Amino acid sequence: MLYLRTFGGVSFERDGSAVTGAAAQRRVLAVATMIASGGDRGVSRERVLATLWTDSEPERARQALSQTLYHMRRALDAGELLDAGQDLRFNPDEVRSDLAEFERAADTGELETVASLHRGPFLEGFHVSGAPEFERWASALRARLAERCTEALEQLAASAERSGDWRRAVEWRRQLAAHEPLNGRVAADFIATLAASGDRARALQYARVHEALVRDELETEPDSAVLALVERLRDDPEWRPTPPGGVAPYVVALGGPGLAEPAAAPSLQEPELRRDTGGSGRPVERATPIATPPALVRSHSRWRLAAIGLGLLLLAVAGYSALTRMREIPSVPIQPDLVAVAPFRVTGADPALRYLREGLVDLLAVKLTEIGAARAAEPATVLGAWRRAASAESELPLEQSLGIAERLGAGQLLLGHVVGTASKVVVTASLYGVPDGVVRGQASAEGPPDSLTMLVDRLAGQLLAGQAGERERLASHTTTSLDALRAFLAGQAAYRQGDYPRAVELFTQSVERDSGFAMAGLGLALAADRVDGSADQARGVDLAWRARGELTERDRALLDAMAGPRYPDSSSLAERIAAWEHAAALAPDRAEVWHELGERLFTDGRAIGVQSSEERAMAAFRRARELDPSFVPPLVYQALERMRAGDRTAMRQRAAAAIQQAPDAPSSDFLRWRIAVALQDESALARLRGRFDLLDASALRWIALSSQHDGVAPDDGALALEQLRARAARLAHRREAVLGAHSLALLRGAPAEALRLTAEIDDGQPGSRQAARLRVLDALYGGGDSAAAAAAVLRLGADDPRALASEDACVAGQWLAWSGQTRGARAALRVLRDSPGSAEASAPACAALIEAISAVARGLPEATRLVERADSLVAVGPSLGDARAYASLAIARLYERLGDAERALASVRRRPYMRGWPRYLGSYLRLEGRLAAAAGDREGAARAYRQYLGMRGAAAPPLRAEVDSVRAELGALGWRWRGD
């Protein structure tokens, strides 16, 4: 049975897995969605043609629809996909859809089904180029479906309030607030329900978040009813409002709801709030909903509203304080059931047990949250606060510990003590109220160290014994192997300190001792990604994915972001960024998640056309720093952003702050080098170069990357790569260093050296065709040797298309298409269309690129449309893999040949930054300079030309004429090259 999902995106699924290939093409999905919208009635062919092929001739439009339906049937392998008849309708025995189920449930009053099916906006993020009528149709239907969801959530919340089911009432109001984050009436209802349930702290926290969101997004004040309600809650601690459902207030205690005496204070019907029940028990003269002006909605990107709105809503309801600064800031409202687990005191214990000081924080945080009656503050945030207040071994007085917990917004503080030997360990813990310091519970457990998981269970059970009815446990998220657990906890500590190579080693040790330890697999994937360890990353993802049921919801979201939401299939960069946004929304108190999101926006956002990507990246980095001011990596990117903006003073200030905070971190060595390069401080550079053999591998890689991406100090970049190659003990690391050197050779105008380096790749990987692919791409996009490329094309199998692998077909097909060999290009296309794609290159995007190249080379009428389609797939389609290095350059060249200089310039500037080796950056810059000069952007053209010349001061003879030409073009713009 096939299933068509249309909420939160669109895709066909079979047995829970997305169907790829032609079934994922946009026109196919658009037609399928229109058919599904017709339900049992179906939809006429004329309606589909008028919506999706508005500008086509009638006969061509009908042929296009027939072809699309054919591809749909073939891709879905369903012979009876559609019922017979003139109108189009799905065969219910073959296809179901969430759209049809949603409409049916809404019509029959199955409100919870309606709420569960509306996972996100209808066709979220889905667009069809050249079909404005489809966009209008989808927009209208999206609004109607959203309205039906709102009505269902309103009714569910009111019903729960009337029945006194406060947990469900709060949940329905939370979903409604997430659905309409800027609606003043919805916000007031949510605040009232939270306060009426007894959770005033969350009510005030959400109110603060809502106010900030409205001011940020709409640049206006929140609704007066929200402000008046908040003022009353703050002024009168005893007052509880009547919730929107009109039921007397309840109090939700730690163990569950219980009936309390109704508050004597007036309820929401007071005049200053302008609310009246009208005798119906439900307010009718409410605060007017905040209507977002259409122009303003368009001016703010959807992701920002969704990610910030949902993330902050989850923040408020979950009780975490993601906006809390940890230094010299006012305390946030205390949340009674939020527990801060402090580092355990380890005294008189065997030295081998010292890892338990911080390790027990992670373990108990998971256990306390699993139970559900209490929630643990994010361990990284707690540990960061303690590290700033005390040294690694010193202990804090109770009063100071309570003060830290209070600033974190925690209503409870857990302090523990460990003693023991290699054969027996005793763990004790005490639970204190915040800020009064009253002991609320005590626990102790003892046993052999290899029973640590059991000891943690006992501690959590004793501390929350009064909540026995709430102890519905999830599967254990830890391991029974002490060695695996010890290595994992040590890996966590190394990761938080930014020592990623050490973290990779420790997480590897952990998964080698217990391959089913999902948290260790996830940690390995995250740490390996920081050092470009693709093999370790793939291994970690695979291990974590196989045991993903052992992870919490927040960690599963983190795994989805790390692996890609389509895993094991490839995911687009846009999908990956969206997955990181979702992970940040679910874990708004994790500094490292916000940093990961910021890094991907900063490095890839521009390449896929994300609006304001750098501004949004900086916002994510600021959030990470607010959560954990000791977290250094965001400062590195903030410094680089200032350098790109030409603000050397701010760059130096931010870099200095990072160095001062972590003087021995690898990032600090990189920043010292980057500042010295920016200031042309030769004495500092000489000292640093003398220490290159002592620098950490990650610092050397940063230097090599920045040297190439920013076009500065190429000799230093070469020296850093030499060190990396000399140290590389593993094949993957050697290969990475060789690829870096190959990229640098092309940037410096040394194609012969680049060709020699591809031979080293062959020597290290017998049977691999990566070197052959590189030789072809180098000739196409980097000024490489054409004769070597032609021989490489034959090696890839272009003379026998049946033997072509998809990665080889992608590269060989481009060569054949650019050279006008139509028959060979078509054979490569057939291979790609039958392939699901791979990590090396996306088959659909590459096929579209080859089609576009062929059409432009042959001067076909549909060339512009095909280039636009390829451009769209390159920007938001499946993951590009290696094609990321050249895809935007190829698109820019095609637009230039079509005479569309504006889009060509936009494409050539849409390239990744500090993400992978930029081996064709010289070609990008030369084309950018020419296009910018033609467009009248003299400053932009000069900037591109200067960076180009800075890299090619000693270009090889075959490229000297090109370098001289660029120097002359720079002179024509009124600038002189410093070497002249």
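Up top is the structure these notes are about.
Figured I'd write up the structure that's included with this text. None of the values given here were measured: they were computed from a predicted structure.

A surface patch of positive charge is lined by R823, R826, R830 and R858. Here the positive patch gets 3 residues from one element, more than from any other, and that element is helix α36 (residues 822-833). Its location among the elements puts R858 in helix α37 (residues 843-858).

By the definition in use, this model includes 52 salt bridges. When salt bridges that share partners are traced, they join E154, E161, R173, R185 and D189 into one network.

Leaving glycine out, the prevailing phi sign among residues is negative, and the prevailing peptide bond configuration is trans. Here the bond from V434 into P435 is cis, since omega is 10°, no more than 30 degrees from zero. Counting through the fold element by element, P435 comes out in the loop between β11 (425-433) and β12 (439-447). Phi at L123 takes a positive value of approximately 55°, unusual for a residue other than glycine. Looking at the secondary structure, you find L123 in the loop between α5 (111-117) and α6 (132-163). In this structure L123 comes out as buried when scored by relative accessible area, which is 1%. Phi is positive for Q680, which is not a glycine, with a value near 55°. Mapped onto the elements, Q680 comes out in the loop between α27 (666-679) and α28 (682-689). On the basis of relative accessibility, which here comes to 62%, the residue Q680 falls in the exposed class.

By the element assignment, H118 lies in the loop between α5 and α6. Residue H118 is classed as buried on the basis of its relative accessible area of 11%. Filtering out sequence-adjacent residues up to four positions away, H118 remains in contact with F7, F102, L145, A146, C149 and H179.

The next point concerns the nonpolar core. Among the nonpolar cores identified, the biggest contains 206 residues, and L360, W580, W673, Y781 and Y920 are the most heavily contacted of them. With residues up to four places along the chain from it excluded, the contact list for W673 reads L685, L688, F692, I703, S706, S707, V712, A713 and D716. M72, A131, F190 and L229 belong to the second largest nonpolar core, which has 79 residues in total.

Attention now goes to the pairing of strand β10 (residues 410-420). Taking burial as the measure, the 11 residues of β10 include 8 buried ones, the bulk of the element. The pairing of strand β7 (residues 335-341) with β10 spans 4 bridges and is classified as parallel. Within the sheet, the bridge partner assigned to V341 lies in β10 and is L414. Bridge count for strand β8 (residues 345-346) against β10 is 2 bridges, and the pairing is parallel. By the bridge assignment for β10, R345 is matched with H417. Two elements, β10 and β11, share 9 bridges in a ladder whose sense is antiparallel. Its bridge partner lying in β11, L414 is registered against L431.

Here the focus is the packing of helix α23 (residues 591-604) against helix α25 (residues 633-644). Between α23 and α25, the least distance of the axes is 10 Å, while the angle of their chain directions is 25°. Comparing the axis directions of α23 and α25 gives the class roughly parallel. The element α23 and its partner α25 pack so that their crossing is left-handed. For the pair formed by α23 and α25, the contact residues are H595, E599, F602 and T603 on the first element and P633, P634, Y637, L640, E641 and R644 on the second.

Residues spaced three or four apart along an α-helix face the same direction, because each turn holds 3.6 residues. Regarding helix α15 (residues 398-407), the residues found buried are S401, L402, G403, I404 and A405. Against the buried residues of α15 lie β7, α14 (379-389), β10 and β11. G409 occupies a position one or two residues after α15 and carries a positive phi of about 85°.

Analysis parameters
Residues numbered from 1 in each chain as written. Predicted model: local features only at pLDDT ≥ 70, side-chain atom pairs only at ≥ 80, totals over all residues. Heavy atoms only, no water. Patch = residues over 30% accessible without salt bridge, like charges linked within 9 Å, V, L, I, M, F, W, Y side chains within 5 Å. Areas by Shrake-Rupley, 256 points an atom, 1.4 Å probe, with all protein chains shown as cover. Salt bridge = Lys/Arg side-chain N within 4 Å of Asp/Glu carboxyl O. Lys, Arg positive; Asp, Glu negative; His and termini not counted. Charge placed at Lys NZ, Arg CZ, Asp CG, Glu CD. Helix = DSSP H or I, 4+ residues; strand = E, 2+ residues; numbered from the N terminus. Buried < 20%, exposed > 50% of the residue type's maximum accessible area, 1.4 Å probe, protein only. Contact = heavy atoms within 4.5 Å. Core = buried A, V, L, I, M, F, W, Y, C linked by side-chain atoms within 4.5 Å. Pairing = 2+ DSSP bridges. Axes fitted to C-alpha atoms, helices over the stretch in contact; angles between N-to-C directions. Parallel < 35°, antiparallel > 145°, perpendicular 65-115°, else oblique. Left-handed = near helix turned anticlockwise from the far one by under 90°.

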